[in-house]
Structure formats: structure tokens, C-alpha cells
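Examining the three-dimensional arrangement
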Amino acid sequence: GTLDHSRLTRNLLMALCRRLDGTPCEAFSSDVMLRVEAADAYFYPDVIVTCSEADRRAERVISEPRVVAEVLSPSTAAHDWGAKFEACSHLPGLAEYVLVEAERIAVHVLRPNAAQRWERWHCGAGDSLELTSLGLDIPLAELYAGTASAGG
């Protein structure tokens, strides 16, 4: 990954950790494995948030995430948008699948609607990333701080 990929991952993780402090939810980095039972698959998302008691007791693997986030790179974007999203979309408690573009200020959030069909939301420069399942807003200026997309 690039330095900006790492900066975006770090900025998102730090923003989530600060905002989730004192709640039953926790954010983890790509060191934590995600198990998608329905797809018989394992992934290492860039950032994952769980509010599950079972996940808090787990030692290595998260299986009930509320939010999965990926920072897109040219080599992983197709997989993150395609096969990985398809697998993660079968997680019963997943409320938001977040894709952060590294080469420009743009974030895409996929959420299931009432009919359990996934809808896509987009935010760009000047906007905030709204994570409705967590009741959080993260300004994209905070997320992209220090990256080339933000001008430094």
C-alpha cells in the first residue's frame, strides 16, 4: 500500500476509536480477521467495527461486524467493490460497507434498505462520512488530513 492508503486507514481508525470510546462498539485495523460464514471466506478489512458481545469475547476473528471499511487502491478496488462486497453483504448484522477512495476525496457507503437491497451513498470534499448505524459523522477533511488528496 501507499503512504496515503496507510494515512487514510489510520485517520479513519483513530476517528472511530475516539468517537466510540465509552460505547459497546470497537474499531479494529487490518490485523483482525473477518469471518463470513455464508461465503465460507475470511478477509482482513482495513477497518472493522463491531458492537457484538460475542466478538468482544473472541480472540482472533470478528464474525458480527456492524461496519466494514476498505481504502481503495488500483490493485484492490475491483475486488473490494466486487467479490469482497458480495461476500460481506451476507453478514446479517452488517449495516454499512464503506469504500474510501485514496486518489481523490470521495467515500462510498453501501447500506441495506428496508427491502434488504443495498443502496449506495456518496460523499465528497466538504462533506462528512455519516455512519448511521453508529450515530457518527466524520468530516472528510479529518479523514483525508495529511494526504495528497487534501493537498498535503
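Scope of this entry: the structure provided in the associated data block.

Each value, and the rule that gives it
Residues numbered from 1 in each chain as written. Predicted model: local features only at pLDDT ≥ 70, side-chain atom pairs only at ≥ 80, totals over all residues. Heavy atoms only, no water. Phe/Tyr/Trp six-rings, centres within 6.5 Å; stacked < 30°, edge-to-face > 60°. Helix = DSSP H or I, 4+ residues; strand = E, 2+ residues; numbered from the N terminus. Buried < 20%, exposed > 50% of the residue type's maximum accessible area, 1.4 Å probe, protein only. Disulfide = S-S within 2.5 Å. Salt bridge = Lys/Arg side-chain N within 4 Å of Asp/Glu carboxyl O.

1. A short note on the packing of aromatic side chains
Under the criterion given, the structure shown has 2 aromatic pairs. Here Phe85 and Trp118 contribute two aromatic rings whose centre-to-centre distance is 5.2 Å and whose plane-to-plane angle is 90°, an arrangement assigned as edge-to-face. Taken as a pair, Phe85 in helix α3 (residues 77-88) and Trp118 in strand β9 (residues 118-124) lie far apart in primary sequence, 33 residues in all. Classification of Trp118 by relative accessible area gives partly exposed; the value is 24%.

2. So, the state of the cysteines
Under the defined criterion, the tally for this structure stands at 1 disulfide. A disulfide bridge connects Cys25 with Cys51, and the sulfur atoms are separated by 1.9 Å. Judged by the torsion about the S-S bond (105°), the Cys25/Cys51 disulfide is right-handed. Note that Cys25 is positioned in the loop between α1 (3-20) and β1 (26-29) and Cys51 in the loop between β4 (47-50) and α2 (53-57), a separation of 26 residues in sequence. Here Cys51 falls in the buried class, since its relative accessible area comes to 16%. Left without a disulfide partner, Cys123 is nearest to the cysteine sulfur of Cys88, which lies 19 Å away.

3. Side note on the pattern of salt bridges
Under the counting rule described, the total for this entry stands at 12 salt bridges. Here Arg57 makes a salt bridge to Glu53, at a shortest N to O gap of 3.7 Å. Here Arg57 pairs with Glu53, and both are found in helix α2, just 4 residues apart, close to one helical turn. Assessed through its relative accessible area of 42%, Glu53 is described here as partly exposed. Taking the shortest distance from any N to any O, the salt bridge between Glu101 and Arg104 comes out at 2.8 Å.

These figures capture arrangement, not role.
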